Amino acid sequence: MEIKTVQNIDSTEVLVINKFEGEKTSQELVNTFVVEKDNFEGKFGQTYLIHTLGKISADKILVVGFGKREEFDHNKMREAVAKAIKKLNQIKAKKAIFDFDVNCDYGKSATLGAMIADYAYDKYKSEKVHHLDEISFTKFSEEDVEEGKIFGEAMKFTRDLANTPAQIATPAKLAEIAQNIEGVETRIFEKPEIERMGMGAYLAVGQGSVNPPKFIHMKYTGLNPKKRIAIIGKGICFDSGGLDLKPAASMLTMKDDMSGASCVLGVMQALTKLKPELEVHGIIAACENMPSGASYKPGDILTAKNGKTIEVDNTDAEGRLTLADALCYACELGVDEVIDIATLTGACMVALGTVASGIMGNSEELISKLISTAKDSGEIYWQMPMFKEYFDSLKSDIADMKNTGSRYGGASAAGLFLKEFVTDNVKWAHIDIAGTAYLEKPQKEFIAGATGAGVRTLLNYLSK
Ligand code: BES
Ligand code: MN
Ligand code: ZN
């Protein structure tokens, strides 16, 4: 779908306009039908389709309810455009012009809404999903629409990758994708180098798979970088649970256990277009968690990059082991901030459902900045506590810690585990997207499957 800006409304297939509750629309024809005859109120998200029968230069008019004018904001714009796109695709429209009666600064949110809603993962379907060919916005600036497109493309990139079956999206594939991102310096560490770096926790997780691990380090350098930031994505290309094998129903969606890595890749490729004045490191410790004769075992003791030892309590708590070494590596780069994003715990999903991602860390300042950026971006981040008592269940008799303990407070315990691998002088935030990265059924503007969780928030955080 092509997205453009236009000055004038030429004849088009569908003219999309809005109606605020209690107000008339910009089209006399519509006011006659909708307000006087059909009593369409313009409640938020409602749509109303009119066949114009040649009375104006568009074949159809789609009216979108914007709700109360005083409650309207960027998040509402994104959702409203998404609703309109779904409706337009449903009636198999090819071309539409959006002429909204709002001020001119909604271009980015409108564009992003259109791209989120137009998304389909039909690569492996013989029958393809219908897409609009072209939409145009009046009033909005080209720059805002272009920025929206960069965000939209980043989300699509991330969603496509996270939706890709694990047979294709292997650690080697993630490495290849990272190497193909233009404008970032990428270094891939192979198994012998990972061994040399002393990443014993990460290596243990990957050792049961025939597909070798790939440690990926991307670096974006903007002009006059004002800050140095590392973003780390959990990159478990498939999480079978390992020898502590998951039951079938829980394993079903575990190709998505590299959603954090997909987010980091999507963000890194978009940064080269947004060009913020920052140095950003994208880090992924990619591997597969598989059962085999070579797998790591419950009871094994692993030594992470910072020398701390971990007794394996459960091989299915693998994400934190890979992140432990990635966090050590990031801290050694001497960056100011580290943000990790991970489909880390079922417990976080139990606590927050599919609506909000959990956030924790060692810097209230960084956490609250990310929470407010998420809110402005249309995501919800909810802070989980980091009381030191949550670490009690991770205490081991024979090593510095175990990788799991009690089922209770699982998201927080995982956060405290990760904290053991973060240097105190580095500001760190951990985002748990276990519930939000992959939907089993459609939700708001999203179809089922990967959502691109984290992409918009991290991009806004890194580019503003
Ligand atoms: N990848 C899972 C977490 C997950 C669960 C993500 C559901 C998305 C949806 C993680 O590696 C895992 O298996 N966690 C275990 C930890 C447990 C063994 C302490 C869990 O949450 O059950
Ligand atoms: Mn697991
Ligand atoms: Zn996992």
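For the structure itself, consult the block above.
Description of the structure in this document.

The rules behind these values
- Residues numbered from 1 in each chain as written.
- Chains lettered and ligands numbered in written order.
- Predicted model: local features only at pLDDT ≥ 70, side-chain atom pairs only at ≥ 80, totals over all residues.
- Heavy atoms only, no water.
- 1 Å grid on protein atoms, 1.4 Å probe; cavity = no way out; pocket = protein on both sides within 12 Å on 5 of 7 lines; lining within 4 Å.
- Points joined across faces, edges and corners; volume = space filled by probe spheres on them.
- Helix = DSSP H or I, 4+ residues; strand = E, 2+ residues; numbered from the N terminus.
- Nonpolar A, V, L, I, M, F, W, Y, C, P; charged D, E, K, R; others polar.
- Domains from an automatic or database assignment.
- Donors = N, O, S within 2.8 Å, 3.2 Å for Na, K, Ca; no water.
- Tetrahedral: all angles 85-135°; square planar, octahedral: opposite > 155°, others 65-115°.
- Phe/Tyr/Trp six-rings, centres within 6.5 Å; stacked < 30°, edge-to-face > 60°.
- Buried < 20%, exposed > 50% of the residue type's maximum accessible area, 1.4 Å probe, protein only.
- Lys NZ or Arg CZ within 6 Å of the ring centre and 35° of its normal.
- Near = heavy atom within 4 Å.
- Polar contact = N/O pair within 3.5 Å; in protein donor to acceptor, adjacent residues only side chain to side chain.
- Areas by Shrake-Rupley, 256 points an atom, 1.4 Å probe, with all protein chains shown as cover.

### Some thoughts on the layout of surface pockets
Roughly 1,000 Å³ of volume is contained in the largest pocket. At the level of secondary structure, the elements contributing two or more residues to the lining of the largest pocket comprise strand 9 (228–239), helix 8 (248–251), helix 11 (346–352) and helix 13 (410–419). Considering every element that reaches the lining of the largest pocket, the biggest residue donor is helix 11, with 5 residues. Of the residues belonging to the lining of the largest pocket, the class tally is 18 nonpolar, 12 polar and 12 charged. Estimated volume of the second largest pocket: approximately 410 Å³. Taken together, 22 residues make up the lining of the second largest pocket; nearest its centre are Val-355, Gly-378, Glu-379, Ile-380 and Arg-456. The greatest single-element share of the lining of the second largest pocket, amounting to 3 residues, is contributed by helix 2 (residues 74–90). Broken down by class, the residue content of the lining of the second largest pocket amounts to 7 nonpolar, 8 polar and 7 charged. Split by domain, the residues of the lining of the second largest pocket number at least three in each of domain 1 (2–140) and domain 2 (152–463).

### Here we look at the coordination of the zinc ion (ligand 3)
Here the zinc ion (ligand 3) is held by Lys-234 (NZ), Asp-239 (OD), Asp-257 (OD) and Glu-318 (OE), and the distances to it run 2.0 to 2.4 Å. In this structure, the zinc ion (ligand 3) is surrounded by 6 donor atoms whose angles at the metal cover 78 to 173 degrees, and the resulting shape is octahedral. Of note, the zinc ion (ligand 3) draws all its donor residues from one chain, in the sequence arrangement K-x4-D-x17-D-x60-E. If you look at the zinc ion (ligand 3) and the manganese ion (ligand 2), they sit 3.2 Å from each other and are both ligated by Asp-239. Here the residue Lys-234 occupies a position in strand 9, and Glu-318 occupies one in the loop between strand 12 (309–311) and helix 10 (319–332), the gap between them amounting to 84 residues.

### Notes on the packing of aromatic side chains
All chains considered together, the criterion is met by 16 aromatic pairs. Taking the centre distance of 5.7 Å and the plane angle of 70 degrees together, the rings of Phe-189 and Phe-215 count as edge-to-face. Of this pair, Phe-189 sits in strand 7 (residues 185–189) while Phe-215 sits in strand 8 (residues 214–221), placing them 26 residues apart in sequence. For Phe-215, a relative accessible area of 0% corresponds to the buried category. Chaining the aromatic ring pairs together yields one cluster made of Phe-20, Phe-66, Phe-72, Phe-98, Phe-100, Tyr-106, Phe-137 and Phe-140. One Lys or Arg, Lys-76, reaches over the ring of Phe-44 and ends 5.5 Å from the middle of that ring. The ring of Phe-151 has Lys-108 sitting right over it, with the charged end atom 3.9 Å from the ring centre.

### Some details on the site of ligand 1
In the neighbourhood of ligand 1, 15 residues make up the surrounding shell, with Lys-246, Asp-257, Asp-316, Glu-318 and Gly-346 lying closest. Between an oxygen atom of ligand 1 and a side-chain N or O atom of Lys-246, the distance comes to 2.8 Å. Contacts to ligand 1 include Asp-257, whose side-chain N or O atom sits 2.9 Å from a nitrogen atom. Relative to its unbound accessible surface of 510 Å², ligand 1 loses 77% to contact with the protein. Sorting the residues of the shell around ligand 1 by element identifies strand 9 and helix 11 as the ones contributing at least two each.

Treat this as a map of the structure, not an account of what it does.
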